[in-house]
Amino acid sequence: MHWSEKIAQEIIRRDPNKEEYVCAAGISPSGSIHIGNFRDVATSYFVVKALRKLGKKARLLFSWDEYDRMRKVPVNVAKVRDDFEQYIGYPYVDVPNPFPESGAKTYAEHFEKEFIEAMQQFGIEMDYRYQGEMNRSGKYVDLVLTSLRKRGEIFDILDSFRTQDAKEGEREAYYPVSIFCPKCHRDTTKILSLSDDCVHATYECACGHKGEMDFTKDFHCKLAWKVDWAARWMYEGVDFEPGGKDHASPTGSYQTSKVISKKIFGYEPPLFQGYEFIGIRGTTGKMSGSSGLNLTPGTLLKLYQPEVILWLYSKTEPTRAFDFCFDDGILKQYFEFDRMLDAERSGKADEVVKGILYNCKVGDREIKTVPMSLIVQMGSIVDFNPTMLETVFDKIGTPYTHEEFADRLDRAKFWLEQCAPDQVNRLEPRRNWAVYETLDEKEKEEVRLLHEYLSGDGYTLDELNTAIYAIPAKVYGVEQGDKALRPLQSVFFQNVYKLLIGREKGPRLYLFLYVIEKSRYLGLLDFSYPMTEEEKAVPEEPVEEEKPEKVYGEPDPVAPIKEEIDIDFFEKLDLRVCKIVKCQEIRKSANCLKLTLDDGLEQRVIVSSIRHDYTPEELIGKKIIVVANLKPVRITGVTSQGMLLAGTNNACGCKVIFVDDMIPEGTAIK
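Residues numbered from 1 in each chain as written. Predicted model: local features only at pLDDT ≥ 70, side-chain atom pairs only at ≥ 80, totals over all residues. Heavy atoms only, no water.

**Details of the overall build of the protein chain**
Of the regular secondary structure elements, the protein chain holds 25 helices and 21 strands. On the principal axes, the C-alpha backbone points of the protein chain span a range of 100 × 75 × 50 Å. Residue pairs at least 24 apart in sequence account for 68% of intrachain contacts in the protein chain once pairs closer than 6 positions are excluded. Surface accessibility of the protein chain: about 34900 Å² in total, with carbon and sulfur atoms responsible for 50%. Counting 90 positive and 108 negative side-chain charges, the protein chain places the averaged centre of each group 3 Å from the other. (Helix = DSSP H or I, 4+ residues; strand = E, 2+ residues; numbered from the N terminus. Contact = heavy atoms within 4.5 Å. Areas by Shrake-Rupley, 256 points an atom, 1.4 Å probe, with all protein chains shown as cover. Lys, Arg positive; Asp, Glu negative; His and termini not counted. Charge placed at Lys NZ, Arg CZ, Asp CG, Glu CD.)

Printed below as a string of structure tokens:
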């Protein structure tokens, strides 16, 4: 039984007579939606399908949390707009669209449209809820009033999950609602008083504006996250909702909201399924992390067919992690998917495989299991020309048509050129004399014999394969089957690859030579005439100027241990992981760099005297440790909001302490 069917059965057991079950998912449109967030959708989507499979009516509800406050400016937005920090604290629905060419009216709408268009390619239909409209239309007014009237009880629930004791007066000053200031649009307000019936409030904003609020008429407010989550469960009648494993921890959001749902709103909380996070393997080539690549479902669809993406989520239980592969692991994933699909179509699949593939059907699309590895290998030889690729497949006895491999062709090309450019097979533009002149006489004789054989006609693929393997045996006088022949054949193949494509490895040599038009490569193996003027004029590749080697001295004397501190003093330090999103030289300083960091909440700037040790290019995208609560100071005309950690020693100079890229921004160092 598939894991989604087990969840569906438990949902039905909890409320067997419900007319329609609601499975929920939700994301804040804080930026491009990461493929990891898609697990929220996929998990609920599979459970909806399982409920329907069991004969029940079910709906997939998706909430756009666009009424959340903007906490930081994403990297891709900062690249096109340098003035968006002014919108920190605005609800996303009120932030202008940084990409006006998309046609979206707001920041939230731009990223919502981007995600919805990708969902359409998966054939996933959802009942969308836009929380900006839901809040501002007054639909949650009763829930807001209930929360205000029971704010003391809510505080006690929240406090029961905290590890530190509440401060004196904290309970009385707690309000489970944030008011967006009508003047500055931010949520930087503080409620000063609340009427006995909890309908009227006075408040003051950090911008200086003071106002009054009637919660039955004024709707520019939002419930606090854990209260809001529980309130919406009741409002929508949610039966199931997944979330990241952090939500499922003993002090996580779900555990807290579950209690609020029961005690404050009297609603039995939905069944919850925590899930592991998604990994990315092999971000190489042009798709490196420092390029600011957005790993959205739309991006992944350039590499994976939608069915294969759904298959990866379906075959992996939510509590297990898996990787999307930018390296050649993607070819193995396609192979395994094809193997399962072929087994199902031939009637050989077991119930487990059938359950997995049940979730992967997208509309009326029919997948043709043309091996992705073959498309990659042969496609690069013919520049991904579909007509020529049909000819290639026909020649090697696998007569796939363009119609059959069309859906994978562009994805194969995108993967090869963007993720693995080093594996692209392109013929040299002219004879490679630099390689040829390194060969000894016997190796040159092998090349001559190969050229001679290929100049003839009428050989079959098998005959070509036999002839290629026989050439080293003939030149070196070694009998077939002799162990000494294999290394000679290996060197021969390497030499031919270097002459043809400038690399030591490539596709199967006999296939390579058989499928390409001989006129394209035969001349590259003919060294029977002298070097031409054009070949003599080939410019040498520029040699990169070597950086002067730094000279270090003897290690500094090891300093004695400083005066002891207690744990309370250490805990006052806010050491956290930050990502360097920008790095600039400071014109007025010969020693300092200006680093713009993502600290998990917002962006901050620090100034560090590491200009002689690092270039900006070496730092952008790296993650470091920062003392985040250090009092800001002005350095070379720039306000520095913290200090990075580095090791400085005469034996090594200044070395910044970098941390593993998988550690999220904002993670505390303890």
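**Quick notes on a nonpolar patch on the surface**
A cluster of nonpolar residues, Ile565, Ile567, Phe569, Phe570 and Leu573, forms a patch on the protein surface that exposes about 470 Å² of accessible area. Secondary-structure assignment places Phe570 in helix 24 (residues 567-571). (Patch = residues over 30% accessible without salt bridge, like charges linked within 9 Å, V, L, I, M, F, W, Y side chains within 5 Å. Salt bridge = Lys/Arg side-chain N within 4 Å of Asp/Glu carboxyl O.)

**Structural notes on the packing of aromatic side chains**
Tallied over the entire structure, the rule returns 39 aromatic pairs. Ring plane angle 45° and centroid distance 5.8 Å describe the contact between Tyr45 and Phe46, whose orientation is recorded as tilted. Judged by its relative accessible area of 9%, Tyr45 falls in the buried class. Take Phe46: its relative accessible area is 1%, and that puts it in the buried class. Considering the side-chain rings of Tyr87 and Tyr90, the 5.2 Å spacing of their centres and the 85° angle between planes classify their relative orientation as edge-to-face. Across the pair, exposure class does not vary: Tyr87 and Tyr90 are buried alike. (Phe/Tyr/Trp six-rings, centres within 6.5 Å; stacked < 30°, edge-to-face > 60°. Buried < 20%, exposed > 50% of the residue type's maximum accessible area, 1.4 Å probe, protein only.)

**Focus on the nonpolar core**
Judged by nonpolar contacts, the single largest core of 117 residues is most densely connected at Phe38 and Tyr304. With nine residues, the top contributor of residues to this core is helix 2 (residues 38-53). Those residues in contact with Tyr304 that lie beyond four places of it in its chain are Ile309, Leu312, Phe324, Cys325, Ile330, Gln333, Tyr334 and Arg411. (Core = buried A, V, L, I, M, F, W, Y, C linked by side-chain atoms within 4.5 Å.)

**Description of the packing of helix 11 (residues 306-315) against helix 12 (residues 329-345)**
Relative orientation of the contacting elements helix 11 and helix 12 amounts to 85°, with a least axis distance of 11 Å. Compared by their axis directions, helix 11 and helix 12 come out roughly perpendicular. Facing Glu307, Val308, Trp311, Leu312 and Lys315 of helix 11, the residues of helix 12 in contact are Gln333, Tyr334, Glu336, Phe337 and Met340. Residue composition of the contact of helix 11 with helix 12, by class: six nonpolar, one polar and three charged. (Axes fitted to C-alpha atoms, helices over the stretch in contact; angles between N-to-C directions. Parallel < 35°, antiparallel > 145°, perpendicular 65-115°, else oblique. Nonpolar A, V, L, I, M, F, W, Y, C, P; charged D, E, K, R; others polar.)

**Considerations on helix 7 (residues 151-160)**
Among the residues making up helix 7, those that are buried are Gly152, Ile154, Phe155 and Ile157. Where helix 7 is buried, its residues touch helix 6 (141-149), helix 8 (225-236) and helix 9 (253-263).

**Observations regarding the sheet that holds strand 19 (residues 643-644)**
What the five strands build is an open sheet, ordered 15-14-13-16-19; its pairing is antiparallel. In the strand order of this sheet, the two ends are held by strand 15 (603-608) and strand 19, each with one partner. As paired strands, strand 13 (residues 575-585) and strand 16 (residues 623-627) are joined by five bridges and run antiparallel to one another. Looking at the pairing, Arg576 lines up with Val626 of strand 16. (Pairing = 2+ DSSP bridges.)

**Quick notes on unusual backbone geometry**
Located in the positive-phi region is Cys198, a residue other than glycine, with phi close to 65°. Position of Cys198 relative to the elements: it lies in the loop between strand 5 (189-194) and strand 6 (200-205). Despite not being glycine, Thr636 shows a phi value in the positive range, around 45°. Checked against the element boundaries, Thr636 lands in the loop between strand 17 (633-635) and strand 18 (638-640).

**A few points about the sheet that holds strand 5**
The strand order across the open sheet formed by three strands is 5-6-7, and the pairing between neighbours is antiparallel. This sheet does not close on itself; its edge strands, each paired only once, are strand 5 and strand 7 (210-214). This sheet shows a mean twist of 30° between the axes of neighbouring strands, independent of strand direction. With five bridges connecting them, strand 6 and strand 7 associate as antiparallel partners. Residue Ala201 lies in a different strand from strand 7, and its bridge partner there is Met213.

**Considering the environment of Arg13**
Within the secondary structure layout, Arg13 lies in helix 1 (residues 3-14). What makes Arg13 exposed here is its relative accessible area of 56%. Separated by 96 residues in the primary sequence, Arg13 and Glu109 place their C-alpha atoms 38 Å from one another. A distance of 2.7 Å separates polar atoms of two side chains, one belonging to Arg13 and the other to Glu10. (Polar contact = N/O pair within 3.5 Å; in protein donor to acceptor, adjacent residues only side chain to side chain.)

**Some points on the environment of Phe393**
Of note, Phe393 is situated in helix 15 (residues 386-395). The buried category is assigned to Phe393, whose relative accessible area is 0%. For the pair formed by Phe393 and Leu300, sequence separation is 93 residues and the distance between their alpha carbons is 27 Å. If we ignore the near neighbours within four places in the chain, the residues touching Phe393 are Leu374, Ile375, Met378, Thr398, Pro399, Tyr400 and Phe405.

**Regarding the packing of helix 18 (residues 441-454) against helix 19 (residues 461-476)**
Orientation of helix 18 relative to helix 19, taken along the N-to-C sense of each, is 150°, at an axis distance of 10 Å. As judged from the angle between their axes, helix 18 and helix 19 are roughly antiparallel. Crossing of helix 18 against helix 19: the hand is right-handed. In this structure, helix 18 uses Lys442, Glu443, Glu445, Glu446, Leu449, Leu450, Tyr453 and Leu454 to contact helix 19, whose residues at the interface are Glu463, Leu464, Ala467, Ile468, Ile471, Pro472, Lys474, Val475 and Tyr476. For the contact of helix 18 with helix 19, the residue count by class is eleven nonpolar, no polar and six charged. (Left-handed = near helix turned anticlockwise from the far one by under 90°.)

**Points about the pattern of salt bridges**
Should the charged atoms of two oppositely charged side chains come close, the side chains can pair. Applying the stated rule across the entire model yields 38 salt bridges. Between Glu20 and Arg59 there is a salt bridge, with its nearest N and O atoms 3.2 Å apart. Of this pair, Glu20 sits in strand 1 (residues 20-27) while Arg59 sits in strand 2 (residues 57-64); the two residues are 39 residues apart in sequence, bridging distant segments of the chain. Among the salt bridges present, the one from Asp187 reaches Arg69, with a minimum N-O distance of 2.8 Å. Placement of Asp187 in the loop between strand 4 (177-179) and strand 5 and of Arg69 in the loop between strand 2 and helix 3 (75-78) is noted, with a sequence separation of 118 residues between them. Residue class for Arg69 comes out partly exposed when judged on its relative accessible area of 23%. Here the salt bridges share partners, and the residues they tie into one network are Glu20, Arg59, Asp127, Arg129 and Glu236.

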